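Next come the chains, spelled out residue by residue.
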Amino acid sequence: MAQLNRYFPKLCHPTCGLEINFQRIRRNPKVKVFTLASVAAVTGERGDYTVTVRQAPRYVKANCTACGDCARATEMKVQNQFDYNLGKVSAAYLPHEMAFPMRYVIAPQVLGTPEAERIKAACKYDAVDLDEKESTFDLHVGAIVWATGWQPYDAARISPYRYAYLKDVITNVEMERLAAPNGPTQGKIVRPSDGVAPKKVALIQCAGSRDYNHLEYCSRICCLASMKHAAYMREQSAEATVDIYYIDIRAHDKLEAFYRKVVNDPHVRLIKSKPAEIKIGPDGGPVVCGENTITREIYAEPYDLVVLATGMQPAGVEGVSGAPVDAYGFIVPEDETQGIFSAGVASGPLDVSMSVQSATAAALKAIQAIR
Amino acid sequence: MSPKNTGVYLCSGCGIGDAVSMGSLEKIATKEFKKSCKTNACLCGEEGLETIRADLAGGVNQVVIAACSPRAMTDRFRFNGTQVIRTNLREQVVWSHPANDEDTQMMAEDNIRIAITEAAKSTPPEPKVEGEYSQVVLVVGGGHSGLTAAREASKAGYEVLLVERASQLGGMAAKWSKRMPVRPPYQDPQPNTVATLVKAVEADSRITVKTGCTVAKTSGMPGRFTVEFSDGSSQTVGAFVVATGWRPYDARKLGHLGYGVSPDVVTNVEMEEMLAKGPVVRRSDGKAPGVVVFVQCAGSRDPNHLPYCSSVCCGVSIKQALQLREADPQVMVYIVYEELRTPGVAEEFYRTAQRSGVIFIKGTVKTVDAALTVTVDDAMLQQEIPLSGVDMVVLATGMVPNSTNVEAEAPEVEEEKLRPLKSDINPYAPFAVAGTGAPPLTPPEEKLPEGAPLLNLQYRQGPHLPMLAHGFPDSHYICFPYETRRSGIYVAGPVRRPMDMGEAAEDATGATMKAIQAIHNAAYGLALHPRAGDLSLPIIGLNQCTKCRRCTVECPFGAIDETDQGFPQVNSTRCRRCGTCMGACPVRTISFTNYTVDMLGSMIKAVNIPDETEEKPRILVLACENDAYPALDMMGIARHQFSAHIRIIPVRCLGSVSMLLISDALSVGYDGVMLMGCKPGDDYQCHFIKGSGIAKERMSKVGDTLKSMALEAERVTVAEVSIADSGRLPKVIQDFVEMLDTFGPNPFKGF
Amino acid sequence: MTTMSPTPTRPYDLGFTRWVYQNIDGGDRMALCMQCGVCSGSCPLSTTMDNGPRKTFMMIRAGMKDAVLKSDTLWNCVSCYNCVVRCPRHVPVAYILHELATLAVREGYAPARTSETNKFVKGFTWSFETFGRTDERIISLFYYFQDGFVAGIKKLLAFKSIAFAFVKVGRLPLGLPHRIKNRGELKKMLAAAAAIEARHTAGRK
Ligand SMILES: Cc1cc2nc3c(=O)[nH]c(=O)nc-3n(C[C@H](O)[C@H](O)[C@H](O)COP(=O)(O)OP(=O)(O)OC[C@H]3O[C@@H](n4cnc5c(N)ncnc54)[C@H](O)[C@@H]3O)c2cc1C
Ligand code: SF4
Ligand code: SF4
Ligand code: SF4
């Protein structure tokens, strides 16, 4: 979520709410946080669960002050996962400027190289521990809330869209990073192929969602996310045109107003069509092909940049969650009998506001279970 | 309380000691302020912490830490309730300024002065708890949401009072014969669970139900609301869940769709009633319909009716269509839609309807005539198609929030009290879109929904719940859907935003969680979001108060009422501790114990102002601690450099900054003042809603004051800063510094 | 001729639609079409089709039986199956088009006799019935000469250069095609297929 640049419909920054929540957690001694940790197993029953947690090594101890000397000590760079690999970051890195906890991480790739020693030597506080091993420990809890969220659907699997071959075909989450001031381009939206600001952009809805070949459900948020991306484009360029290819625009409740506001812009065009394919144009750029279902015109439209509105796939916790999972991987606990609950996108494709609603509800359910 | 014994602790780690002279910093503490001072190479390390702990054991009872940002190492620099004052030497000084530079050194020194001054002027707040606090959750509305809220509160051990306007529980959803599926495989309409829920509520000994009853009057505050009911009874309750639901949009306004023209044109709610009664027949002739057409968005998504999408009607029509198809496999059912909205896993519900033979037509229904000919502008076939032979038309009408009690008459309320509520109902804030020639959408006119206020709040700021667009008493925040401007009152279900039963139940549970939190926090004197857990409260010096009412008007949360004598009175548990009242008060008689007018003024004055010959301007930055201050930190983390002439003092909210504070700063020789705060206006990002907007308005009048001091008005500016602005800030600051340069030094220097 | 499909008398009468959903292989899945346009957009012949598959499916819903069965869309499908693999609702688009073409022939809609596809199919059938295999040369010759000798020669000449190029690279062998062994078995298979088809047709409602 910190990876998102701004939220629809207010176009405000996620880090704003994150700061408030982090402050609360920092101040509250009753909340314990483990990072780089995943649940390996859950046993027990409502009121009495044993959760086995596996914690991956950070190679940096808790006494890290986040001074950054380690990062400056090495030339080695690794893919920046926070930027969906759109850029690189030092092998000793702070995940992002608002990271919680505010501590560096050492990329495992650097281990065993002389760089690792250089990183270790640079730390004045002896906080680097290259020998750190994965650890496993048990927690005893009365209730569990799964809030494991989602990952973007792998766009490379939608083979007709040639995401793996065309540099200027990106996903909506990559668009968020490109537009983010702390992203790989400092917030300037450019085409990855040549770094030039795009003038003609296509946004393709349901890239992988509502599709038996991919995700069978509707991811709910992609329509509004694309409206937001149209707004990003139009904020950055007075000439830019944005074409949105869609099946149905799902701007539920009051979000309808945001949708109306965006498409009220004459530079934003809605085309009711699920594109069949993205071809490689003579200049190597993307050409979006398909049928305009209203006019029945068969189009082949070249674009500077194509953004695939890929959907949300639940982070797979089947097998360990201890609660029933539906056919898509969302956790759908039977209420009451268990002390296991789900919140946010772990429970279904929800937007942020609905996720917080469901999380607040899950908190109460969990409290009831341990009462 | 024992006298203050302040220990000052400096950290030379993280490059601080390499960039500034620790010795000189220590001298500020020991010589200028006569405080004990220790420097450690890694104060957050075990050894550093041990030093502090040892001193605490030895009598130190207040700690000043000059190290990293107060946003870092919060958990480490926490010493069992001892007051800790922190100042930022790392992110905002050495990481963002050249090392071993005279200006950097001065900046660090001033930060020490500011912090020690703050410590001297600040007293840790005591919790304000007095008398009894009620633990009762009052649930208003006994529909699916309200029933859920009542049960969930009870399951958490809380007493509940549930009031329902109708003579029986269940609300709208009690009428449905089936409900949409919420569990896998998400395919078929499911048995309605409302009746079971009603039984569970009625059998629950912790829940008291009052039917045929509404709220007549509410006064008080979280933990101690006094509520009078329409039946003349009254009770004290701790918090509210408002779940008054919705009513169908008035179909009589939809004559063009045949409503009222033919008896066989019905609304979806009427269809529900027919389905519940069993075999659906035409009202005209009692025959079973062979051809049924559903018209989606009947009145929704229509600027002439309801501009929003009612969210549920697509799913509802699918449910009803499936029920019709199941009852009679021969019946032909059509759903005419513009956009088919079955978000999330409901997509499977849509497919189920298709599989069962329901025909979906994308298009717009132009008219429905008396003979039930439905004229459709068919988008896919690109022609106008008259659907004839239709036996029944179902209008999928939308939901109107019950954010007022339309069944009761609105009481007389002074216009003055309604104004702020009215002006909020305007969501159509244009967001910044460069270069579009698009005409702006016409904003809806400011108006309050008809009917009586739901809770009839006896608040200085009016009887209604604050509402957003179209009368939804919703939160404006994406991250905080339960943020509320009326502390302790949480709205849930479709009255807040159109939603189905699945979401409404979850929402009601969430709102219950917040109500319980409000009850708990009230009893311990703890603040609610966003300063959750804060104990401080505004204290008003009534002997100086001129009854100007600025504080009662400006409080974003309506926390201050006026007594019969016209004096302001803070309702402590309504207060969110933003300090807007403190910034509003023209005689400066409102303060918190740990955030006082004097403290801020003294901190500002603690800075050493070099005289004009030194060419070292001093610029005061008052930064919102929630967004601008973190952005300034992140500048340091990214090692962006910015002018060393600025002095940053965090504030709770720009709303807490008064004009007088600014003129004070200028009179002691600051060359300029920059206020950094969140975006105000319709798309506000201020966590205290109005704080930054109020500050902006106050500062727009600063020109006169400056003129009277013979200073340029531009010396004071309000910068809209978001938390993501760390990349942009150096330039914002630099531009201001350069502009001030052109004015030359402030002539008040040295006075 | 077996039972005919019903002919609607008003727009969106579902008589024909339901008949198609129930009687055509894959018709039940056609019900799931959400008019996204991927099939028509994927079709290499889409520009030569009057309606394309997506609109065809909508027309079936609208009860436009005549227009559907007269449509060239049914005949211009070249069975590339792009639509089938891409359809997000797993509608077996191409198969349905073939079924509809068969229906069009059975119910006497004109294009069946004249369409190029139909002529080609005749050559195709003759080839495998005669040799037990499909031989491109035989099919082409059969197809070219269906409109008379002169027309056939003209068509042949038009493809002359391509043909020579194929010969050069050894892709067009000269000499008669081999017949397969056990042609009798093939005949039995074809007869069985015809019987199934007849049963299907008879069973239609
Ligand atoms: C035709 C139709 C069918 C639907 N079918 C489904 C479905 O199958 N599945 C689904 O998930 N959703 C469905 N929905 C949506 C669903 O009905 C709502 O989500 C549900 O009604 C929400 O319940 P609620 O308790 O919030 O509101 P309501 O049902 O409106 O209940 C609110 C209650 O508060 C009372 N009240 C109002 N004002 C006051 C006051 N001032 N004081 C005291 N009490 C007051 C009312 O009398 C009422 O009893 C449908 C919607 C429509 C339009
Ligand atoms: S839910 Fe469907 S019918 Fe209802 S307003 Fe939204 S789009 Fe229209
Ligand atoms: S303005 Fe802020 S601090 Fe003052 S009473 Fe209102 S909520 Fe409390
Ligand atoms: S691809 Fe499938 S769902 Fe889309 S229009 Fe074609 S048949 Fe319908």
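Rules of the game
Residues numbered from 1 in each chain as written. Chains lettered and ligands numbered in written order. Predicted model: local features only at pLDDT ≥ 70, side-chain atom pairs only at ≥ 80, totals over all residues. Heavy atoms only, no water. Contact = heavy atoms within 4.5 Å. Buried area = accessible area lost by both parts, 1.4 Å probe. Salt bridge = Lys/Arg side-chain N within 4 Å of Asp/Glu carboxyl O. Polar contact = N/O pair within 3.5 Å; in protein donor to acceptor, adjacent residues only side chain to side chain. Nonpolar A, V, L, I, M, F, W, Y, C, P; charged D, E, K, R; others polar. Helix = DSSP H or I, 4+ residues; strand = E, 2+ residues; numbered from the N terminus. Domains from an automatic or database assignment. Near = heavy atom within 4 Å. Pairing = 2+ DSSP bridges. Axes fitted to C-alpha atoms, helices over the stretch in contact; angles between N-to-C directions. Phe/Tyr/Trp six-rings, centres within 6.5 Å; stacked < 30°, edge-to-face > 60°. Buried < 20%, exposed > 50% of the residue type's maximum accessible area, 1.4 Å probe, protein only. Areas by Shrake-Rupley, 256 points an atom, 1.4 Å probe, with all protein chains shown as cover.

**Side note on the interface of chain A and chain C**
Inference 1: In this complex, chain A contributes 17 residues to the contact, which on the side of chain C involves 24 residues.
Inference 2: Of the roughly 1,600 Å² buried at the junction of chain A and chain C (both faces included), carbon and sulfur atoms supply 51%.
Inference 3: Across the salt bridge formed by Glu277(A) and Arg86(C), the nearest N and O atoms sit 3.7 Å from each other.
Inference 4: In this assembly, chain A and chain C are joined by 13 residue pairs in polar contact (both at pLDDT 80 or more).
Inference 5: Partitioned by chemical class, the residues of the side of chain A that touches chain C number 6 nonpolar, 4 polar and 7 charged.

**As for unusual backbone geometry**
Glycine aside, the phi torsion of most residues is negative, and most peptide linkages are trans.
Inference 1: Backbone torsion omega between Phe100(A) and Pro101(A) reads 0 degrees, so that peptide bond is classified as cis.
Inference 2: Position of Pro101(A) among the secondary structure elements: in the loop between β5 (92-93) and β6 (105-106).
Inference 3: Across the junction of His529(B) and Pro530(B), the peptide omega takes the value 0 degrees, indicating a cis bond.
Inference 4: In this fold, Pro530(B) is placed in the loop between α11 (501-524) and β26 (539-540).
Inference 5: Phi at Tyr12(C) is positive, roughly 65 degrees, even though this residue is not glycine.
Inference 6: Within the secondary structure layout, Tyr12(C) lies in the segment before α1 (15-23).

**Description of the domain arrangement of chain A**
Think of interface size as the accessible area that goes away when the parts come together; that is how it is often given.
Residue and element names in this part refer to chain A.
Inference 1: Segmenting chain A into domains produces domain 1 (57-133) and domain 2 (151-312).
Inference 2: Here the C-alpha centroids of domain 1 and domain 2 sit 35 Å apart.
Inference 3: Counting residues at the interface gives 6 residues for domain 1, matched by 8 residues for domain 2.
Inference 4: Seen at the junction of domain 1 and domain 2, the total is 1 salt bridge.
Inference 5: For Arg 177, the salt bridge is made with Asp 83, and the minimal N-O distance between the two is 2.7 Å.
Inference 6: Considered class by class, the residues forming the side of domain 1 that touches domain 2 number 3 nonpolar, 1 polar and 2 charged.

**Quick notes on the site of ligand 4**
Residue and element names in this part refer to chain C.
Inference 1: Close to ligand 4 lie 13 residues, the nearest being Cys 33, Cys 36, Gly 37, Cys 39 and Cys 87.
Inference 2: Looking at the shell around ligand 4, the elements with two or more residues in it are α3 (38-42) and α4 (52-61).
Inference 3: Taken together, the residues of the shell around ligand 4 break down into 10 nonpolar, 2 polar and 1 charged.

**What to know about the domain arrangement of chain C**
Inference 1: One can read the domain layout of chain C as domain 1 (14-109) and domain 2 (112-203).
Inference 2: Domain 1 of chain C and domain 2 of chain C are separated by 25 Å when their C-alpha centres are compared.

**Remarks on the sheet that holds strand β17 (residues 305-310) of chain A**
All names here are of chain A.
Inference 1: Taken in spatial order, the 5 strands make up an open sheet running β10-β17-β11-β12-β13, and their pairing is parallel. Looking at the sheet topology across the chains shown, the edges are occupied by β10 (169-171) and β13 (268-272). Between one strand and the next, the sheet's axes are offset by a mean angle of 25 degrees, whatever the strand orientation.
Inference 2: Bridging between strand β11 (residues 200-207) and β17 involves 5 bridges; their strand directions are parallel. Note that in β17 the partner of Ile 204 across the bridge is Leu 308.
Inference 3: Helix α4 (residues 172-179) contacts β10 and β17 of the sheet and is inclined by roughly 90 degrees relative to β10.

**Examining the packing of aromatic side chains**
Residue and element names in this part refer to chain C.
Inference 1: In this structure the tally under the stated criterion is 25 aromatic pairs over all chains.
Inference 2: Relative to Tyr 143, the ring of Phe 120 lies with its centre 5.7 Å away and its plane at 80 degrees, an arrangement referred to as edge-to-face. Taken together, the residues span a long stretch of sequence, with Phe 120 in helix α10 (residues 116-131) and Tyr 143 in helix α11 (residues 136-144) at a distance of 23 residues.
Inference 3: Overall, Phe 120 belongs to the partly exposed group, its relative accessible area being 39%.
Inference 4: Aromatic side chains Phe 124 and Phe 128 sit 5.9 Å apart centroid to centroid with 85 degrees between the ring planes, which places their arrangement in the edge-to-face category. Placement of the pair is Phe 124 and Phe 128 together in helix α10, with a separation of 4 residues, close to one helical turn.
Inference 5: Looking at Phe 124, the relative accessible area reads 36%, which means it is partly exposed.

**So, the pattern of salt bridges**
Inference 1: Counted by the stated rule, this structure contains 90 salt bridges over all chains.
Inference 2: For Asp248(A), the salt bridge goes to Arg210(A), with nearest N and O atoms at 3.1 Å. Remark: Arg210(A) occurs in the loop between β11 and α5 (222-236) and Asp248(A) occurs in the loop between β12 (241-246) and α6 (255-263); sequence separation between them is 38 residues. Of the two residues, Asp248(A) and Arg210(A), neither departs from the other in class, the shared state being buried.
Inference 3: Each of Arg210(A), Asp248(A), Arg250(A), Glu347(B) and Arg89(C) takes part in salt bridges that share partners, so that together they form one network.

**Digging into the site of ligand 1**
Residues and elements named next belong to chain B.
Inference 1: Close to ligand 1 lie 37 residues; Ser 145, Glu 164, Met 172, Lys 319 and Met 501 are nearest.
Inference 2: Between ligand 1 and Lys 319, the relevant distance is 2.5 Å, taken from an oxygen atom to a side-chain nitrogen or oxygen of the residue.
Inference 3: Across the complex, the protein chains shield 98% of the 1,000 Å² of accessible surface that ligand 1 would expose by itself.
Inference 4: Within the residue set of the shell around ligand 1, elements represented by two or more residues are α5 (144-155), β7 (178-179), α7 (268-277), α8 (313-327) and α11.
Inference 5: Here the shell around ligand 1 gets 3 residues from one element, more than from any other, and that element is α7.
Inference 6: Taken together, the residues of the shell around ligand 1 break down into 17 nonpolar, 13 polar and 7 charged.
Inference 7: Per-domain counts for the shell around ligand 1 show at least three residues from each of domain 2 (137-247 + 402-428 + 440-524) and domain 3 (250-397).

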